[in-house]
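Architecture and fold: a report
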Amino acid sequence: MRICSLTMTNSSQLLRFVPTSLPPVGTDIEKLQLFLNQATRLLVLTGAGVSTESGLPDYRSANVGLYARTDRRPMSYQEFVRNSLARQRYWARNFVGWPRFSSFLPNQSHLALAKWEKHGSLDCVVTQNVDELHRKAGSQHVIELHGSGHRVMCLSCDMLMPRNQLQDMFAVANPTWSLSDMNTSIQVAPDGDVLLSEEMVKNFKVCLICHVSYAVDLPLGRSTSL
């Protein structure tokens, strides 16, 4: 198994959220290559940092992470389920952010891991990310610790649906919201959240089929807005 050479296209745009770091020394690469060559059942754990080269910011990186640049914080599950206004705010912002969030593409790290799995060197990827970029890259054995932003579940009846379907439902319920007229340079958080004014949020309708709450799907039958 060879370590891929990470080459980027349109790097100035994609790499703006990648934190600065010292380049690896030759012995580090050799040690990693030796470890990979000897591995028989490799498991890889990934977090938000693996997606920064796709153009998605992470939360904690110095200078470029979301926490360093803004005061934005993810909404907790507890706040989401107990507060209808919080759910309205979450889905209004997620509705606006979804077209961009869902359009991000895998980078060379995602593609390399998928290639290792295909060749039988990688047994499983465990990720904290909800962006599904590992699956987009072709990885089949992926455990999503925090669920997926591409699937949603009804908190009342447990109905599961693709996030795209929910987007269509929101669009019908909010015909005056024209996403094409909104700022395309708006920054999307790792969970798909964007900033909107309170005036915009209060006019967003979250009335759905079951008239209940929807949240991002989690693998163990629970849900979260994170």
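Heads up: the structure comes first, above all this text.
Residues numbered from 1 in each chain as written. Predicted model: local features only at pLDDT ≥ 70, side-chain atom pairs only at ≥ 80, totals over all residues. Heavy atoms only, no water.

**Description of the pattern of salt bridges**
Counted by the stated rule, this structure contains 7 salt bridges. Residue R151 is joined to E132 by a salt bridge in which the shortest nitrogen-to-oxygen separation is 2.9 Å. Taken together, the residues R151 in strand β4 (residues 148–154) and E132 in the loop between β2 (122–127) and α7 (133–137) connect sequence positions 19 residues apart. A salt bridge links E144 to R135; its shortest N-O distance comes to 3.3 Å. Given a relative accessible area of 5%, E144 falls into the buried group. Look at R135 and you get partly exposed, because its relative accessible area is 32%. (Salt bridge = Lys/Arg side-chain N within 4 Å of Asp/Glu carboxyl O. Helix = DSSP H or I, 4+ residues; strand = E, 2+ residues; numbered from the N terminus. Buried < 20%, exposed > 50% of the residue type's maximum accessible area, 1.4 Å probe, protein only.)

**Thoughts on the pairing of strand β1 (residues 42–46)**
Here β1 shows one buried face, formed by L42, V44 and T46, and one open face, formed by L43 and L45. As paired strands, β1 and β2 are joined by 5 bridges and run parallel to one another. For T46, the partnering residue across the bridge sits in β2 and is T127. (Pairing = 2+ DSSP bridges.)

**So, helix α6 (residues 108–118)**
Buried within α6 we find H110, A112, L113, A114, W116 and E117. Packing partners of the buried residues in α6 comprise α2 (26–38), β1, β2 and α7. Capping the start of α6 is the job of one residue whose side-chain oxygen sits 2.8 Å from the backbone nitrogen of S109: N107. Phi for G120, located one or two positions after α6, is positive at around 85°. (Contact = heavy atoms within 4.5 Å. Polar contact = N/O pair within 3.5 Å; in protein donor to acceptor, adjacent residues only side chain to side chain.)

**Some details on the pairing of β2**
Of all the 6 residues making up β2, 5 are buried; the element is thus mostly covered by neighbouring parts of the structure. Two elements, β2 and strand β3 (residues 142–144), share 3 bridges in a ladder whose sense is parallel. What sits directly across from V126, in β3, is I143.

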